[in-house]
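If you want the building blocks of each chain, they are given just below.
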Amino acid sequence: MSCLQTIADYGLRSVGVGERLLPRSDFTMCQQFTLIGSGMVWNIYFGVLALLGGFFLATALALAKNTETRLIRKPAEWFIFVFRGSPLFIQFFLAYEALAMMPRAGFPVFGITVETDWLTRAWAGALFVLFLNTSAYAAEIFYGALRSVPKGDLEAADAYGLSGWNKFRRVTWPTMLRLAWPSYTNEAIFLFHATTLVFFSGFPAFRQEGDALYYAKYFADKTFNPFIPYPIAAFYFILLTLSVITIFGFINRRLNRHLPHERRMKMRFRPQIIR
Amino acid sequence: MLCYLTTGKQMLFYGSFGIVLVLLVVTAPVALLFGFSGALAARSRITPLRWVGRGYTAMVRGVPDIIFFLFVPIAMDEGIEYMRNRIKCPDWNQPVFAGNEFHVCAAAKMPLNSAPQIYHEIYGFSLAVIAFAVVFGAFAANVLYGAMQAVPRAQLETAEAYGMTQAQVTRRVLIPQMWTYALPGLSNLWMILIKATPLLFLLGIEDIVYWARELGATKSTVYAYPHPDWRVYYFLVLLVFYLVMTKLSEIVLNRINRKLSFGQATAGGEALRKADI
């Protein structure tokens, strides 16, 4: 079987397109590269959607944590503490069990039954957990940035007669983003790394459609040779990390374009790792 | 209820919290040692040694750590068995990697098949500790390397002007001073280490996650205490356990940080000085 044939068969195996049966013996390098690569679809899917959704929730949470009103501040603080203070692994398990406890048949709402079955599937349930988790981490970053918005900028905004929503949209928010961006890039990188946990926690892989690490482990278990599949997965993740850094670097440059060179925020890598 | 919470299986569940704590206590110093050697190697004057140090610290940057957690124990295990195979059975002529199997002679199995269960568990646990130490050593090396760079240049130059050798400068000036710079990073790392402990489950150790799944699962009437699916509550307990651990470490680390920044030429030290006046 030629390599092109393998790619055609297994290139989208992780989303259920192509050959159903996974190879069982005599694994070629081509098969390993293709299947592990097809698993990356899931990692990118979880990472991108959680980041997009989490960005907005994180902004809201950071603002809530920054207000004077206790009634708004306390829930935000607790949310951030719970999701940052406990392992993501446990959060996955807990969420899966909680979602699985919902009645199988679905809720009757105004005569219509709302299905709950799909919530226990990884694509919805795990995405939801990752979304909440990244929101908490990013909210802490945004909150820190919000606290360090220069006083002079805010006073200048007042002097121009900006207030309320206008002040926030034109001055506070862009400055907050600019200050937070290098740390937020780290958060994004590690969110992508965290997506590998999905299929190792409560969420089962449906019809053996898993992420990159799921297939890497499949090969390592079958061949007893960890020296090929794991480096392949590592290779894909290094590519993913580099592209995240590139994309976020572009946005960083745009956020900083009004500043003289030496005052621009530098992109810096800081390990933050597992959650 | 009280009877249920004191059955033998439940006791094993409580014991597994101890396993987590032991892992934390054992791994932290070992990882620090790894990180320390890594950071020193990255600063070394000998080029190959520097490459090794740099490579080690760069290792964790682009790759999810969980890959290392899956990779290191298997690689270690197979490495050890391969070496033992070479030593103990010199006339073993079958290929070690034969298709879908890993073949070594019976005498080279680690631990021996005949060994009691407890040795298998200890061996598995040590592999897990090594995996944790390797990964967290790399993170610690990153932090310590940064801290060594942050020690003011003038301090080192003064020491050199007094005629100290390179080794003396490192031992007497660099290392005592770097801790205050390293502490924020190291405390961050400690938090991460706490949150990484449930990954023990992936390595096949009977830790809290294992017992929570085992005990929480639906028990039919065959068991002494039948109950429906209680896993949610068990995991809730774990969640609270981790939150408490995080909160406690936060408090302790803040104290240490205060102590270490005292009298240092950093923003933290300056804030303390002002507060005293």
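Please read these numbers as outputs of a predicted model, since none were measured by experiment.

*Asks:* What's the story with the UniProt feature "transmembrane region" (unreviewed entry) in chain A in this structure? I'm lost.
*Replies:* In the numbering adopted here, UniProt assigns the feature "transmembrane region" (unreviewed entry) to residues 44–64, 76–102, 122–143, 188–207 and 227–251 of chain A. Spanning residues 188–207 of chain A, this segment combines 35% helix with 0% strand, and its end C-alpha atoms are found 29 Å apart.

*Asks:* Even after reading the chapter, I still don't get the nonpolar core, so can you show me in this structure?
*Replies:* Side chains that are nonpolar tend, in soluble globular proteins, to be buried together. Counting residues in each nonpolar core, the largest one holds 131 residues, and the members touching the most others are Phe92(A), Phe142(A), Ala233(A), Ile67(B), Val135(B), Ala140(B) and Leu144(B). The biggest single contributor to this core is helix α5 (residues 117–150) of chain B, with 18 residues. Aside from chain neighbours lying at most four places away, what touches Ile67(B) is Leu213(A), Tyr230(A), Ala233(A) and Ala234(A).

*Asks:* Where do I start with the interface of chain B and chain A in this structure?
*Replies:* One frequent convention defines the size of an interface as the accessible area lost when the parts assemble. Opposite the 37 residues of chain B that make contact, chain A presents 36 residues. Within the residue set of the side of chain B that touches chain A, elements represented by two or more residues are α4 (65–88), β2 (101–102), α5, α7 (166–196) and α9 (231–261) of chain B. With 10 residues, the top contributor of residues to the side of chain B that touches chain A is α9(B). For the side of chain B that touches chain A, the class distribution of residues is 25 nonpolar, five polar and seven charged.

*Asks:* In this structure, what is going on with helix α8 (residues 212–223) of chain A? I would like to understand it.
*Replies:* Structurally, the α-helix is built with 3.6 residues per turn, so residues lying three or four positions apart point the same way. Residues and elements named next belong to chain A. For α8, built from 12 residues, the straight-helix expectation of 16 Å at 1.5 Å per residue is met to within 8% by its first-to-last C-alpha distance of 17 Å. Burial of α8 is extensive: 10 of the 12 residues sit out of reach of the surface. What α8 keeps buried is the set Ala212, Leu213, Tyr214, Tyr215, Ala216, Lys217, Tyr218, Phe219, Ala220 and Thr223.

*Asks:* Is there a simple way to think about the confidence of the model for chain B in this case?
*Replies:* Segments scoring low in pLDDT should not have their predicted coordinates read at a detailed level. Residues and elements named next belong to chain B. Looking at chain B, the pLDDT average stands at 79 and 82% of residues meet or exceed 70. Mean pLDDT per element in chain B: strand β1 (residues 97–98) is the minimum at 60, and helix α6 (residues 153–161) is the maximum at 87. Both confidence scores are given for the complex: pTM 0.81, ipTM 0.76.

*Asks:* I'm lost on the packing of helix α3 (residues 70–85) of chain A against helix α5 (residues 122–147) of chain A in this one. Help?
*Replies:* Helix-helix packing is described using two parameters, namely the angle between the two axes and the distance between the axes. Residues and elements named next belong to chain A. Relative to each other, α3 and α5 sit at 110°, their axes nearing to 9 Å. Of the possible angle classes, the one that applies to α3 and α5 is roughly perpendicular. The handedness of the crossing between α3 and α5 comes out as left-handed. In this structure, α3 contributes Phe79, Ile80, Phe83 and Arg84 to the contact, and α5 contributes Leu132, Asn133, Ala136, Tyr137, Ala139 and Glu140. Per-class residue counts for the contact of α3 with α5 are seven nonpolar, one polar and two charged.

Cut-offs used in this document
- Residues numbered from 1 in each chain as written.
- Chains lettered and ligands numbered in written order.
- Predicted model: local features only at pLDDT ≥ 70, side-chain atom pairs only at ≥ 80, totals over all residues.
- UniProt positions renumbered as here; feature names shortened; annotations may be inferred.
- Helix = DSSP H or I, 4+ residues; strand = E, 2+ residues; numbered from the N terminus.
- Core = buried A, V, L, I, M, F, W, Y, C linked by C-beta atoms within 7 Å.
- Buried ≥ 20, exposed ≤ 12 C-beta atoms within 10 Å, placed from the backbone.
- Contact = placed C-beta atoms within 7 Å.
- Nonpolar A, V, L, I, M, F, W, Y, C, P; charged D, E, K, R; others polar.
- Expected span 1.5 Å × (residues − 1).
- pLDDT = per-residue confidence, 0-100.
- Axes fitted to C-alpha atoms, helices over the stretch in contact; angles between N-to-C directions.
- Parallel < 35°, antiparallel > 145°, perpendicular 65-115°, else oblique.
- Left-handed = near helix turned anticlockwise from the far one by under 90°.

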